[in-house]
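So the chains spell out like this:
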Amino acid sequence: MPSSSSRTSGAAVKKTRVVAERKPSQELNPFALAQAQLDKACDKLGLEPEMRAVLRQPMRELHVALPVRLDDGRVQVFQGFRVQHNDARGPCKGGIRFHPAETIDTVRALAMWMTWKCALMDLPLGGGKGGVICNPKEMSSRELQQVAREYIRQIYHMIGPDQDVPAPDVYTDPQIMAWMMDEYSRLVGRHTPDVITGKPLALGGSAGRQDATARGTVYTVREACRHLGILTKGATAAIQGYGNAGAYTAQLLVDLLGMKILAVNDSRGGVYSAEGLDPAAAVEHKAKTKSVVGTPGTSPISEAELLALEVDVLVPAALENVLTGHNAGAVRAKIVAEAANGPTTLEADDLFADKGVFVIPDFLCNAGGVTVSYFEWVQNRSSWYWGEQEVYERLDGRMVRAFREVLATSLEAKTDMRTAAYMVAVQRVAEAIRLRGWLEPRSGV
Ligand code: GLU
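These notes cover the structure that comes with them. Predicted model only: the values in this text are computed from it and were never measured.

**A few points about the overall build of the protein**
Working step 1: Across its full length, the protein holds 15 helices and 12 strands.
Working step 2: Compactness check: the protein gives a C-alpha radius of gyration of 21 Å against a globular reference of 22 Å for 445 residues, within 12% of the reference.
Working step 3: Per-residue burial over the protein gives 60% buried out of 445 residues.
Working step 4: Long-range contacts, defined as pairs at least 24 residues apart, comprise 72% of the intrachain contacts of the protein with a sequence gap of at least 6.
Working step 5: With the model as given, the accessible surface of the protein reaches about 17,500 Å², and the carbon-plus-sulfur share is 51%.

This is the structure in structure tokens:
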């Protein structure tokens with residue numbers, strides 16, 4: 001991410017310590033991180049080696065090549081993946097990411113995290129994830145549609161309402177879900193809205209899905225503040241990443257909790273305001289210029305400085321490996337709310353534990369998205385649609401319940417919130433595996 005100190009305002013410099021820029025994420029393998037996190041929880045639980053062996057690997061994965069005719073007449077072959085980590089608790093669930101830096105190991109990690117996310121939220125679903133290596137920022141709408149449809153043509157035998165239900169993730173949106181749902185429905189010869197979630201409202205999407213990840217994040221921040229005795233009104237936050245999760249989180253922290261947003265950034269740079277910036281103005285500016293940089297009433301701030309701001313809540317809301325051994329020591333937030341998947345490395349976790357930073361781990365913090373996806377799937381299957389308030393209330397109830405379970409486990413087992421979240425989730429998946437008899441010797445075979 002571009003972040004040079006030369007673009008930094010004097011005000012922001014005085015408020016922050018200079019810290020090393022983060023290393024490029026390629027240096028850190030998210031799947032190795034996911035497995036190491038799991039190992040830590042398995043040790044704590046004393047889980048048997050056979051069960052660990054099952055949980056450490058995805059059950060199934062498909063690699064596909066997608067030939068697509070570009071607008072200039074050339075054919076480009078895009079690479080894509082769908083990974084199903086575990087379906088012991090129900091059909092796999094998880095988004096599809098379109099990103100130029102996508103790798104199979106990133107998809108494996110994200111699929112595994114979906115298994116824990118669905119189990120922690122007690123959804124009757126397993127974990128999966130998909131990805132296509134492409135750069136939507138440089139593609140036309142027609143090209144994107146071709147990639148989306150070709151991807152579904154190649155994976156459609158592996159997905160379905162009772163097998164694996166995709167959804168949006170980084171750089172995919174309701175329009176892309178609409179094309180994918182249409183392609184799947186054509187292939188199977190019947191309208192199948194429940195094959196994919198995050199659809200537009202007009203095609204069976206759920207009220208409240210668009211900002212659900214952020215809303216869930218804000219509910220968990222509210223609970224964390226309650227636990228730590230932080231008054232939310234007037235409390236401060238900084239947001240790293242200004243896509244769906246980041247932008248809605250900024251707005252909802254202001255609207256629902258009365259917080260002040262001191263800084264936000266995106267892949268092109270960041271902005272700062274000591275008085276608190278207007279999240280809607282940053283969204284408007286980004287819509288016009290493709291970046292929050294230059295939002296009226298703000299001064300520039302580098303990513304290293306944003307992460308080191310003295311705020312109550314720091315929200316990593318973009319990609320993996322943002323908080324590492326190189327920069328976590330400089331974090332001065334009381335709470336790190338992981339709206340992104342996998343933003344924190346093991347070294348950073350250790351530093352946060354030493355410093356007493358309260359981490360709301362990713363698969364708890366950002367579980368609002370998949371929870372409302374589950375509501376969407378339920379609504380599609382019953383053809384009975386709920387109002388916005390009903391969605392918000394049900395989401396709030398589920399987020400609070402999961403937060404309290406994790407907090408209670410963390411206090412009881414004297415461990416950090418991430419390991420506690422793993423303990424709750426892994427036990428649920430392991431129970432389903434045991435009950436299904438996957439680890440029993442088969443008689444007569
Ligand atoms: N991509 C989102 C996540 O990582 C949502 C997944 C879903 O709705 O299935 O949680």
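**Remarks on the pattern of salt bridges**
Working step 1: On inspection of all chains with the given rule, the structure shows 35 salt bridges.
Working step 2: Between Asp71 and Arg142 there is a salt bridge, and its shortest N-O distance comes to 2.8 Å. Taken together, the residues Asp71 in the loop between strand S1 (60-69) and strand S2 (75-86) and Arg142 in helix H5 (residues 141-155) connect sequence positions 71 residues apart.
Working step 3: For Asp71, a relative accessible area of 44% corresponds to the partly exposed category.
Working step 4: The class of Arg142 is partly exposed, set by a relative accessible area of 38%.
Working step 5: Two residues, Asp122 and Arg89, come together in a salt bridge whose shortest N-O distance is 3.0 Å. On the criterion of sequence distance, the pair formed by Asp122 in the loop between helix H4 (104-120) and strand S4 (126-132) and Arg89 in the loop between S2 and strand S3 (92-98) is long-range, its members being 33 residues apart.
Working step 6: Classification of Asp122 by relative accessible area gives partly exposed; the value is 36%.
Working step 7: Salt bridges sharing partners connect three or more residues here, namely Arg149, Glu150, Arg153, Asp182, Glu183 and Arg186.

**Focus: helix H7 (residues 212-228)**
Working step 1: Helix length check: H7, at 17 residues, gives a terminal C-alpha distance of 24 Å against a target of 24 Å (1.5 Å per residue), a fit within 8%.
Working step 2: With 14 of 17 residues buried, H7 lies mostly within the body of the structure.

**Quick word on H5**
Working step 1: Counted at 1.5 Å a residue, the expected span for H5 with its 15 residues is 21 Å, and the 21 Å between its end C-alpha atoms agrees.
Working step 2: Those residues of H5 lying buried are Glu143, Leu144, Val147, Ala148, Arg149, Glu150, Tyr151, Ile152 and Ile155.
Working step 3: Buried residues belonging to H5 abut S1, S2, S3, S4 and helix H6 (174-188).

**Side note on the packing of H5 against H6**
Working step 1: One way to put it is that H5 packs onto H6 with a least axis distance of 9 Å and a crossing angle of 40°. With respect to H6, the axis of H5 lies oblique. Relative to H6, H5 is oriented so that their crossing is right-handed. Contacts from Ser141, Leu144, Gln145, Ala148, Arg149, Tyr151, Ile152 and Arg153 in H5 reach Ile176, Trp179, Met180, Asp182, Glu183, Tyr184, Arg186 and Leu187 in H6.

**Some points on the site of the ligand**
Working step 1: If you check the shell around the ligand, you find 14 residues, and the closest are Lys93, Lys117, Pro168, Asp169 and Ser373.
Working step 2: Lys93 is positioned such that a nitrogen or oxygen atom in its side chain is 2.8 Å from an oxygen atom of the ligand.
Working step 3: The separation between an oxygen atom of the ligand and a polar side-chain atom of Lys129 is 2.9 Å.
Working step 4: Sorting the residues of the shell around the ligand by element identifies S3, H4, strand S5 (164-168) and helix H13 (368-382) as the ones contributing at least two each.
Working step 5: Class assignment of the residues belonging to the shell around the ligand gives a composition of four nonpolar, five polar and five charged.

**Overview of the nonpolar core**
Working step 1: The biggest cluster of nonpolar side chains holds 86 residues, and the ones touching the most others in it are Leu55, Trp116, Leu120, Val221, Leu253 and Ile360.
Working step 2: With 11 residues, helix H15 (residues 417-436) is the largest single contributor of residues to this core.
Working step 3: Not counting residues within four places of it along the chain, the set of residues in contact with Trp116 comprises Leu38, Leu55, His85, Phe363, Tyr422, Ala425, Val426 and Val429.
Working step 4: Formed by 25 residues, the second largest nonpolar core is a distinct cluster that contains Phe98, Ala148, Tyr151 and Tyr184.

**Section: the packing of aromatic side chains**
Working step 1: Counting across every chain of the model gives seven aromatic pairs.
Working step 2: Measuring from ring centre to ring centre gives 6.4 Å for Tyr156 and Tyr184, while their planes differ by 70°; the resulting arrangement is edge-to-face. Taken together, the residues span a long stretch of sequence, with Tyr156 in the loop between H5 and S5 and Tyr184 in helix H6 at a distance of 28 residues.
Working step 3: A residue is classified by how much of its surface remains accessible, and Tyr156, at 31% relative accessible area, is partly exposed.
Working step 4: Judged by centre distance (6.2 Å) and plane angle (40°), the rings of Tyr374 and Trp377 are tilted. Taken together, the residues Tyr374 and Trp377, both in helix H13 and three residues apart, mark about one turn of the helix.
Working step 5: Ring pairs connect the aromatic residues Tyr374, Phe375, Trp377 and Trp386, which therefore count as one cluster.
Working step 6: Seen from the ring of Tyr392, Arg215 lies directly overhead, with NZ or CZ sitting 3.6 Å from the centre.
Working step 7: Here the guanidinium or amino end of Arg394 rests over the ring plane of Trp386, the centre of that ring lying 4.4 Å away.

**A closer look at the sheet that holds strand S10 (residues 313-316)**
By definition, the strands of a sheet pair up through backbone hydrogen bonds, in either a parallel or an antiparallel sense.
Working step 1: Spatially, seven strands are ordered S9-S8-S7-S6-S10-S11-S12 in an open sheet, and the strand pairing comes out mixed. Looking at which strands have only one partner, the edges of the open sheet turn out to be strand S9 (299-301) and strand S12 (358-360). With strand direction ignored, the average angle separating the axes of adjacent strands in the sheet is 20°.
Working step 2: Inspection of the sheet shows strand S11 (residues 335-337) paired to S12 by three bridges, in the parallel sense. If you follow Ala337 over to S12, its bridge partner there is Ile360.

Calculation rules
Residues numbered from 1 in each chain as written. Predicted model: local features only at pLDDT ≥ 70, side-chain atom pairs only at ≥ 80, totals over all residues. Heavy atoms only, no water. Helix = DSSP H or I, 4+ residues; strand = E, 2+ residues; numbered from the N terminus. Rg over C-alpha atoms; globule rule 2.2 N^0.38 Å. Buried < 20%, exposed > 50% of the residue type's maximum accessible area, 1.4 Å probe, protein only. Contact = heavy atoms within 4.5 Å. Areas by Shrake-Rupley, 256 points an atom, 1.4 Å probe, with all protein chains shown as cover. Salt bridge = Lys/Arg side-chain N within 4 Å of Asp/Glu carboxyl O. Expected span 1.5 Å × (residues − 1). Axes fitted to C-alpha atoms, helices over the stretch in contact; angles between N-to-C directions. Parallel < 35°, antiparallel > 145°, perpendicular 65-115°, else oblique. Left-handed = near helix turned anticlockwise from the far one by under 90°. Near = heavy atom within 4 Å. Polar contact = N/O pair within 3.5 Å; in protein donor to acceptor, adjacent residues only side chain to side chain. Nonpolar A, V, L, I, M, F, W, Y, C, P; charged D, E, K, R; others polar. Core = buried A, V, L, I, M, F, W, Y, C linked by side-chain atoms within 4.5 Å. Phe/Tyr/Trp six-rings, centres within 6.5 Å; stacked < 30°, edge-to-face > 60°. Lys NZ or Arg CZ within 6 Å of the ring centre and 35° of its normal. Pairing = 2+ DSSP bridges.

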